[in-house]
Amino acid sequence: MATVSAHRGNFRTILGIRFFVGGAQEAIALVRHGGLLVVPAAPALKNLPEDMAYRDALLGADVAITDSSLMVMVWNFVMKDNIRRLSGLEYLVELLKEPEVRKLGGTFWIMASAESAAKNMAWLSGQGVEVLPDDVYLAPKYSETIEDESLLRILSDRKPRHIIVTIGGG
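Procedures and definitions
Residues numbered from 1 in each chain as written. Predicted model: local features only at pLDDT ≥ 70, side-chain atom pairs only at ≥ 80, totals over all residues. Heavy atoms only, no water. Core = buried A, V, L, I, M, F, W, Y, C linked by side-chain atoms within 4.5 Å. Buried < 20%, exposed > 50% of the residue type's maximum accessible area, 1.4 Å probe, protein only. Helix = DSSP H or I, 4+ residues; strand = E, 2+ residues; numbered from the N terminus. Contact = heavy atoms within 4.5 Å. 1 Å grid on protein atoms, 1.4 Å probe; cavity = no way out; pocket = protein on both sides within 12 Å on 5 of 7 lines; lining within 4 Å. Points joined across faces, edges and corners; volume = space filled by probe spheres on them. Nonpolar A, V, L, I, M, F, W, Y, C, P; charged D, E, K, R; others polar. Arc of directions from axis to C-beta. Pairing = 2+ DSSP bridges.

**Description of the nonpolar core**
Okay, step 1: Counting 24 residues, the largest nonpolar core has Tyr 91 and Trp 109 as the members making the most contacts within it.
Okay, step 2: Here the element with the most residues in this core is helix H2 (residues 24–30); it accounts for four residues.
Okay, step 3: Beyond its immediate sequence surroundings of up to four residues, Tyr 91 is in contact with Ala 24, Ala 27, Ile 28, Val 31, Leu 37, Ile 65 and Leu 86.
Okay, step 4: In this structure, Ile 14, Leu 45, Leu 48 and Trp 75 belong to the second largest nonpolar core, which totals 14 residues.

Encoded structure:
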């Protein structure tokens, strides 16, 4: 990705993962023309030595942001650095300001449950972002290996510009 190389100084390799350490608008710019941005948190990061699938997913991402306060604090203390935490919520709030994201059909949301979807949709509506029911997918409870042919078909047919996964570990 050409844009990523333009921000070369804004990355640190922590726990073997290349983290972006700039601001939300810079992170948005990095994936504006395509790419996978991930928001790993401390509970999942502690399992990196044992969870090879998760580690591979993070290594395969175009951009990983520094959502873990603990990781950032330890890194800054040990390395005498001064990186900042970029939370997933901060990133999302900035992303939702983008005109292409605000328009109907501009996003596709993968939610953990109907209850989670209802809460998230209410919050998004409060932010002035309307999401059509067809732009929400309720993810099944996945086994250790995540395979979802139904979701792949939907994404392949619709080709959404932004896919936002709101499910996490556990």
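**What about the environment of Leu 86?**
Okay, step 1: Relative to the helices and strands, Leu 86 resides in the loop between helix H5 (69–79) and helix H6 (88–95).
Okay, step 2: A sequence separation of 66 residues divides Leu 86 from Phe 20, and the C-alpha atoms of the two residues are 8.8 Å apart.
Okay, step 3: If we skip the residues at most four places from it in the chain, Leu 86 touches Gly 22, Gly 23, Ala 24, Ala 27, Ile 65, Thr 66, Asp 67 and Tyr 91.

**Details of the layout of surface pockets**
Okay, step 1: The computed volume of the second largest pocket comes to approximately 150 Å³.
Okay, step 2: Considering the residues around the second largest pocket, the lining is formed by Ile 14, Leu 15, Ala 42, Leu 45, Lys 46, Ser 68, Leu 70, Met 71, Val 74 and Trp 75.
Okay, step 3: When residues of the lining of the second largest pocket are traced back to their parent elements, those giving at least two are helix H3 (42–45) and H5.
Okay, step 4: Examining the composition of the lining of the second largest pocket, we find that four residues originate from one element, H5, more than from any other.
Okay, step 5: Looking at the lining of the second largest pocket, its residues break down into eight nonpolar, one polar and one charged.

**Concerning H5**
Okay, step 1: Those residues of H5 lying buried are Met 71, Val 72, Trp 75 and Asn 76. Down the axis, H5 shows its buried residues gathered within 125° of arc, on one side only. Away from its buried face, by an angle of more than 90 degrees, H5 presents the exposed residues Leu 70, Met 73, Phe 77 and Val 78.
Okay, step 2: Those residues of H5 that are buried lie in contact with strand E1 (11–14), strand E2 (17–20) and H3.
Okay, step 3: Positioned one or two residues after H5, Lys 80 has a phi angle of 55°, which is positive.

**A word on the pairing of strand E5 (residues 107–111)**
Residues in a regular strand point their side chains to alternate faces of the sheet.
Okay, step 1: Counting buried positions along E5 gives five out of five residues, so the element sits mostly inside the fold.
Okay, step 2: In E5, alternate side chains face the same way, and those of Thr 107, Trp 109 and Met 111 on one face and Phe 108 and Ile 110 on the other are all buried.
Okay, step 3: Judged from the four bridges that link them, E5 and strand E7 (residues 162–165) form a sheet pairing that is parallel. Opposite Phe 108, over in E7, you have Ile 163 as the bridge partner.
Okay, step 4: Pairing geometry for E5 and strand E6 (residues 136–138), over three bridges, is parallel. Residue pairing for E6: Trp 109 is matched across the bridge by Val 136.

Interpretation in functional terms is not warranted from these geometric data alone.
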